Amino acid sequence: MNKKLVLAICAVATVLSGSKCSREHVHSVEAMNSCVDYHARKLYPQAIRDCSKAVSLDPENEQAHHNIAIVYIATKEYEQAANHLQSAINLNNTVPIYYYQLGEVYQWMSQWERAETAFKKAIELDDNLYKAHYHLGQVYEAMDNPQQALQKYTDALNKNGGFFDAYRELGSLYLDYDFIPQAKQVLQEGIKALIGRGDELAILHSRLGAVFSAEKNHDAAITEFRTALELKPNMVDAMFSLGWNYSYVNVENAKIWLQKFTESATQDTPADYLSAAAGRLAEISNGKPIID
């Protein structure tokens with residue numbers, strides 16, 4: 001279909017429906033579609049160029065503002081992304097995803113109050129946006145409001161019972177505040193819900209191992225850490241935790257796993273873990289009893 005025919009059809013549609021269909025709008029949509037194509041191919045400079053053109057041709061092209069925001073999110077230019085998402089919202093304040101993505105952008109910028117406002121608006125428009133509940137929980141954690149965070153992680157799971165991130169964060173937060181029975185229950189429920197999802201299950205088993213370790217139930221902790229490593233053999237933090245718990249019940253196995261942890265450590269492995277492993281290896285190698 002040539003451009004003259006598009007414009008002719010557009011003119012008829014405008015008369016019949018009252019919709020916006022100027023020449024500038026048509027060219028804006030063409031540029032926006034080109035932007036979307038470049039974004040799909042991860043050609044971000046070209047995508048930004050064409051979406052910028054789309055916005056320039058028609059500043060009221062709501063979708064163009066949204067699409068350029070998505071490109072800016074991909075390039076981590078969050079201030080620009082926030083500005084265009086806000087422009088899209090100013091043109092249409094009934095779209096939940098605009099608020100959700102704006103909340104994410106503010107979260108990445110550590111602008112917690114703005115993130116909270118955006119996520120709450122997204123939820124107001126669509127209460128089933130389980131990821132909005134989840135991210136709002138993260139924001140509340142950052143704002144040192146654990147009670148609200150616990151509630152929002154729970155809300156996320158009530159909306160989607162197979163959402164791994166919420167099981168992980170809810171179980172971890174309960175453990176951080178010594179709500180051991182609740183942490184155990186959440187992580188065990190997550191393990192049942194995520195059967196067959198290897199790496200995610202490994203993380204939940206490892207977190208459950210940490211819960212048993214906090215209870216000083218080292219045998220149960222060992223079982224969970226071993227299960228985690230069966231699912232994900234290169235899980236370095238689980239190697240450390242397994243060796244540490246073995247040091248209370250089986251010194252030889254403790255040596256094996258703490259040494260394996262040391263050998264498997266990467267540049268991202270926390271220095272205090274390496275120091276703790278070396279110290280514990282020295283203690284058990286010298287025959288010093290480990291008392292919990």
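Predicted, not measured: the structure shown is a model, and the values here were computed from it.

Visitor: Whenever I open this one, the overall build of the protein confuses me. Can you help?
Guide: In terms of regular secondary structure, the protein is built from 16 helices and zero strands. The C-alpha radius of gyration computed for the protein amounts to 26 Å, which surpasses the reference 19 Å derived for 292 residues by more than 25%, pointing to a less compact arrangement than a globule. Counting only C-alpha atoms, the protein reaches 90 × 35 × 35 Å along its principal axes. Surface summary for the protein: the accessible area is close to 15,200 Å², and the carbon and sulfur share equals 50%. For the protein, the distance from the average site of its 27 positive side-chain charges to the average site of its 36 negative ones is 5 Å.

Visitor: Is there a simple way to explain the environment of Phe179 in this structure?
Guide: Along the chain, Phe179 turns up in the loop between helix H10 (164-176) and helix H11 (180-193). The exposure class assigned to Phe179 is partly exposed, which follows from its relative accessible area of 36%. Distance in space between the C-alpha atoms of Phe179 and Val211 is 9.6 Å, their sequence separation being 32 residues.

Visitor: Is there a simple way to think about the state of the cysteines in this case?
Guide: Disulfide: a covalent bond connecting the sulfur atoms of a pair of cysteines. Counted according to the given criterion, the structure contains one disulfide. At a sulfur-sulfur separation of 2.1 Å, the disulfide partner of Cys35 is Cys51. With the S-S bond torsion at -90°, the cross-link from Cys35 to Cys51 turns out left-handed. Placement of the pair is Cys35 in helix H2 (residues 23-40) and Cys51 in helix H3 (residues 44-57), with a sequence separation of 16 residues. With a relative accessible area of 1%, Cys35 lands in the buried category. Its relative accessible area of 0% is what places Cys51 among the buried residues.

Visitor: Quick question: what am I supposed to make of helix H9 (residues 146-159) here?
Guide: Think of an α-helix as 3.6 residues a turn; residues three or four steps apart then line up on the same face. In this model, H9 (14 residues) spans 20 Å end to end at C-alpha, consistent with the 20 Å of a helix rising 1.5 Å per residue. Burial in H9 covers these residues: Ala149, Leu150, Lys152, Tyr153, Asp155, Ala156 and Leu157. Buried residues along H9 sit in contact with helix H7 (112-125), helix H8 (130-142) and H10.

Visitor: Got a minute to help me understand the packing of aromatic side chains in this structure?
Guide: Here a ring pair, both rings aromatic, is described through the centre-centre distance and the interplanar angle of the planes. With the rule as written, the count across this model stands at nine aromatic pairs. With 5.9 Å between their ring centres and 55° between their planes, Tyr100 and Phe119 make a pair best called tilted. With Tyr100 in helix H6 (residues 96-108) and Phe119 in helix H7, this residue pair connects regions lying 19 residues apart in the sequence. By way of ring pairs, the aromatic residues Tyr130, Tyr134, Tyr153 and Phe163 are connected into one cluster. Looking at Arg280, its charged tip hangs above the ring of Trp244, at a distance of 3.7 Å from the centre.

Visitor: Is there a simple way to explain the packing of H7 against H8 in this structure?
Guide: Packed helices, taken two at a time, are described by the angle their axes make and the gap between the axes. Where H7 contacts H8, the axes come no closer than 9 Å and their chain directions differ by 155°. Between H7 and H8, the interaxial angle falls into the category roughly antiparallel. With respect to the hand of their crossing, H7 and H8 are arranged in left-handed fashion. For the pair H7 and H8, contact is made by Trp112, Ala115, Glu116, Phe119, Lys120, Ala122 and Ile123 and by Ala132, His133, His135, Leu136, Val139, Tyr140 and Ala142, respectively. The class makeup of the residues in the contact of H7 with H8 is ten nonpolar, two polar and two charged.

Visitor: Sorry if this is basic, but what is going on with the confidence of the model for the protein here?
Guide: Interpretation of the predicted coordinates at a detailed level should be avoided for regions scoring low in pLDDT. Looking at the protein, pLDDT values average 91 and 92% of them are 70 or higher. Between residues 1-19, whose pLDDT stays under 50, and residues either more than four places distant or in other chains, the model counts 13 contacts.

Visitor: How do you make sense of the side chain of Thr269 when you look at a structure like this?
Guide: Relative to the elements of secondary structure, Thr269 occurs in the loop between helix H15 (251-264) and helix H16 (271-285). Take Thr269: its relative accessible area is 13%, and that puts it in the buried class. For Thr269, the side chain forms a polar contact with the main-chain nitrogen of Thr266, separated by 2.9 Å. Apart from the residues within four sequence positions on either side, Thr269 is in contact with Val236, Phe261 and Leu274.

Visitor: Where do I start with the pattern of salt bridges in this structure?
Guide: Pairing of side chains with opposite charge becomes possible as their charged atoms draw close. Taken as a whole and assessed by the stated rule, the structure comprises twelve salt bridges. Arg197 is the salt-bridge partner of Glu200, the closest N and O atoms lying 2.8 Å from each other. For Arg197, a relative accessible area of 33% corresponds to the partly exposed category. Here the salt bridges do not stand alone but share partners, grouping Asp165, Arg168 and Glu169 into one network.

Rules used in this analysis
- Residues numbered from 1 in each chain as written.
- Predicted model: local features only at pLDDT ≥ 70, side-chain atom pairs only at ≥ 80, totals over all residues.
- Heavy atoms only, no water.
- Helix = DSSP H or I, 4+ residues; strand = E, 2+ residues; numbered from the N terminus.
- Rg over C-alpha atoms; globule rule 2.2 N^0.38 Å.
- Areas by Shrake-Rupley, 256 points an atom, 1.4 Å probe, with all protein chains shown as cover.
- Lys, Arg positive; Asp, Glu negative; His and termini not counted.
- Charge placed at Lys NZ, Arg CZ, Asp CG, Glu CD.
- Buried < 20%, exposed > 50% of the residue type's maximum accessible area, 1.4 Å probe, protein only.
- Disulfide = S-S within 2.5 Å.
- Expected span 1.5 Å × (residues − 1).
- Contact = heavy atoms within 4.5 Å.
- Phe/Tyr/Trp six-rings, centres within 6.5 Å; stacked < 30°, edge-to-face > 60°.
- Lys NZ or Arg CZ within 6 Å of the ring centre and 35° of its normal.
- Axes fitted to C-alpha atoms, helices over the stretch in contact; angles between N-to-C directions.
- Parallel < 35°, antiparallel > 145°, perpendicular 65-115°, else oblique.
- Left-handed = near helix turned anticlockwise from the far one by under 90°.
- Nonpolar A, V, L, I, M, F, W, Y, C, P; charged D, E, K, R; others polar.
- pLDDT = per-residue confidence, 0-100.
- Polar contact = N/O pair within 3.5 Å; in protein donor to acceptor, adjacent residues only side chain to side chain.
- Salt bridge = Lys/Arg side-chain N within 4 Å of Asp/Glu carboxyl O.

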